[in-house]
Amino acid sequence: MTDIAARLLDGKALARSLQNEYKKRIATLEPKIGRPPGLAVLMVGENPASAVYVRNKERASSKVGIASFGQHFPVTVTQTELEVAIDLLNADDCVDGILLQLPLPSHLDATALLYRIRPEKDADGLHPVNLGRLVRSEPGLRSCTPAGVMRLLAEYDIDPAGKRALVVGRSILVGKPMALMLLEANASVAIAHSHTSASDLCDLARKADILVPAVGKAGLIGPELVKPGAVVVDVGIVRVTNPDGSHHLTGDVDFDGVSRVASAIAPVPGGVGPMTVALLLENTITSWVTSWERRRSEAHAAL
Ligand SMILES: Nc1nc(=O)c2c([nH]1)NC[C@@H]1CN(c3ccc(C(=O)N[C@@H](CCC(=O)O)C(=O)O)cc3)C=[N+]21
């Protein structure tokens with residue numbers, strides 16, 4: 001086999017440079033707006049993987065100058081308590097973004113809570129209004145992980161137009177919005193999922209110019225499933241326990257094997273994860289600016 005060293009789609013480096021831009025934008029606008037952007041991440045229980053993400057988000061927020069209104073609830077929290085928390089954040093003029101960290105314990109109705117977040121503060125892009133805008137290709141808050149993938153592709157001048165894209169996974173958080181964003185960028189999009197046969201997955205994957213696995217199964221995508229020269233963006237997150245009890249993250253892709261076949265590859269860690277955090281900050285800043293503009297025009301209208 002010829003060794004093609006795939007280009008590394010370095011989400012970590014891009015996220016860092018985006019964060020520098022956000023920091024400058026906030027520093028410029030904050031004196032006019034009179035307060036920093038505010039982001040509330042709501043986490044329930046002790047899911048260790050979620051805790052990593054929440055910690056990364058809080059660190060990134062404080063780095064760029066976004067105020068955190070995060071709350072951590074015990075696993076015993078009730079639906080009503082979370083509803084009250086969301087209602088208070090919806091009404092709080094210092095909060096621009098609200099993110100309900102998923103998954104939630106099974107006694108809670110996650111959908112009802114996501115629907116309760118005001119669409120203008122839906123930093124995760126999961127409210128039906130924002131999902132509907134995505135379906136319609138209208139501007140709106142976009143789901144952070146797939147938006148991060150699109151931003152990463154753009155940075156490396158990878159244009160999905162006319163390409164065959166395969167998304168593996170159809171979750172509301174990643175797979176479905178990912179497929180819609182690739183479609184919006186004029187790719188020919190297929191979606192494989194848990195009911196797709198192994199042989200169909202193989203056929204579809206080997207035809208894909210852009211392959212986006214988002215399943216959470218280590219080793220799902222080996223070099224035999226990748227078209228030579230394809231772009232592979234690993235969105236899977238698998239938390240592996242090391243022999244010494246510590247943990248490391250890996251994705252759906254056999255990175256070393258696939259690197260020899262693909263033309264470009266986004267690793268885990270260091271690829272889509274940091275981009276997700278960056279786009280969450282970007283959504284929060286967008287909401288901050290939009291709400292300020294809305295208020296300003298309302299004030300003018302009242303004169
Ligand atoms: N409502 C909601 N929105 C989400 O966007 C959401 C969620 N729930 N639930 C869980 C998943 C997972 N997720 C991650 C984001 C970034 C990293 C991340 O920062 N990863 C880094 C660092 C990993 C590390 O620190 O080891 C990396 O891949 O390089 C990981 C995981 C967001 N999610």
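These figures come from a predicted structure and were not determined experimentally. (Residues numbered from 1 in each chain as written. Predicted model: local features only at pLDDT ≥ 70, side-chain atom pairs only at ≥ 80, totals over all residues.)

**Thoughts on the packing of helix 1 (residues 11-33) against helix 10 (residues 272-302)**
Direction vectors running N to C along helix 1 and helix 10 enclose 15°, while the axes themselves pass 9 Å from each other. Here helix 1 lies roughly parallel to helix 10, going by the angle between them. Note on packing geometry: the crossing formed by helix 1 with helix 10 is left-handed. Side by side, helix 1 and helix 10 meet where Gly11, Lys12, Leu14, Ala15, Leu18, Gln19, Tyr22, Arg25, Ile26, Leu29 and Ile33 of the first sit next to Val272, Gly273, Pro274, Met275, Val277, Ala278, Leu281, Glu282, Ile285, Trp288, Val289 and Trp292 of the second. (Axes fitted to C-alpha atoms, helices over the stretch in contact; angles between N-to-C directions. Helix = DSSP H or I, 4+ residues; strand = E, 2+ residues; numbered from the N terminus. Parallel < 35°, antiparallel > 145°, perpendicular 65-115°, else oblique. Left-handed = near helix turned anticlockwise from the far one by under 90°. Contact = placed C-beta atoms within 7 Å.)

**Brief notes about the UniProt feature "binding site: NADP(+)" (unreviewed entry) in the protein**
Annotation from UniProt places "binding site: NADP(+)" (unreviewed entry) at Gly169, Arg170, Ser171 and Ile237. Relative to the elements of secondary structure, glycine 169 occurs in the loop between strand 6 (164-168) and helix 7 (175-184). On the neighbour-count criterion, glycine 169 (24 C-beta atoms within 10 Å) is buried. Those residues within four positions of glycine 169 in sequence are excluded, and the remaining contacts are Val174, Gly175, His193, Pro213, Ala214 and Val215. Within the secondary structure, arginine 170 is located in the loop between strand 6 and helix 7. Here arginine 170 falls in the partly exposed class, since 18 other C-beta atoms lie within 10 Å of it. When near neighbours in sequence (up to four residues on either side) are disregarded, arginine 170 contacts Gly175, Lys176, Ile191 and His193. (UniProt positions renumbered as here; feature names shortened; annotations may be inferred. Buried ≥ 20, exposed ≤ 12 C-beta atoms within 10 Å, placed from the backbone.)

**Quick notes on the sheet that holds strand 1 (residues 7-8)**
On the basis of which strands lie adjacent, the open sheet formed by 6 strands has the order 1-12-9-8-6-7 and parallel pairing. The open sheet has two edge strands with one neighbour each: strand 1 and strand 7 (188-192). With 4 bridges connecting them, strand 6 and strand 8 (residues 210-213) associate as parallel partners. Its bridge partner lying in strand 8, valine 167 is registered against valine 212. (Pairing = 2+ DSSP bridges.)

**Here we look at the domain arrangement of the protein**
Note on interface size: it is often stated as the accessible area lost on association of the parts. Under the domain assignment used here, the protein contains domain 1 (35-118) and domain 2 (143-273). Distance between the C-alpha centres of domain 1 and domain 2: 27 Å. (Domains from an automatic or database assignment.)

**Side note on the site of the ligand**
By nearness alone, 22 residues border the ligand, and Tyr53, Asn56, Leu102, Pro269 and Gly273 come closest of all. Listing elements by their share of the shell around the ligand, those giving two or more residues are helix 2 (48-64), strand 5 (97-100), helix 6 (144-155) and helix 10. Summarising the domain contributions, the shell around the ligand has at least three residues from each of domain 1 (35-118) and domain 2 (143-273). (Near = placed C-beta within 6 Å.)

**A word on the nonpolar core**
The biggest cluster of nonpolar side chains holds 84 residues, and the ones touching the most others in it are Val149, Val167, Leu211, Val212, Val226, Val232 and Val233. In terms of residues, this core owes the most to one element, helix 10, which gives 9 residues. Summarising the domain contributions, this core has at least three residues from each of domain 1 (35-118) and domain 2 (143-273). With sequence-adjacent residues up to four places away left out, leucine 211 is seen in contact with Leu166, Ala205, Ile221, Val226, Ala230 and Val232. (Core = buried A, V, L, I, M, F, W, Y, C linked by C-beta atoms within 7 Å.)

**Remarks on the packing of helix 1 against helix 2**
The geometry of helix 1 relative to helix 2 is characterised by a closest axis approach of 8 Å and an angle of 45° between their N-to-C directions. What the angle tells us is that helix 1 and helix 2 run oblique. Touching Gln19, Tyr22, Lys23 and Ile26 of helix 1 are Ala60, Lys63 and Val64, all from helix 2. Of the residues assigned to the contact of helix 1 with helix 2, the class counts are 4 nonpolar, 1 polar and 2 charged. (Nonpolar A, V, L, I, M, F, W, Y, C, P; charged D, E, K, R; others polar.)

**Comments concerning the pairing of strand 7**
Bridge count between strand 6 and strand 7: 5 bridges; the pairing is parallel. Across the sheet, residue leucine 166 finds its bridge partner in strand 7, namely alanine 190. Assessed by its sense of winding, the connection that carries the chain from strand 6 through helix 7 to strand 7 is right-handed. (Right-handed = clockwise from strand over helix to strand, strands pointing away.)

**Some points on the pairing of strand 11 (residues 247-250)**
Inspection of the sheet shows strand 10 (residues 238-241) paired to strand 11 by 4 bridges, in the antiparallel sense. Note on strand 11: the bridge partner recorded for valine 240 is histidine 248. Between strand 10 and strand 11, which follow one another and run antiparallel, lie 5 residues, and glycine 245 among them has a positive phi close to 90°.

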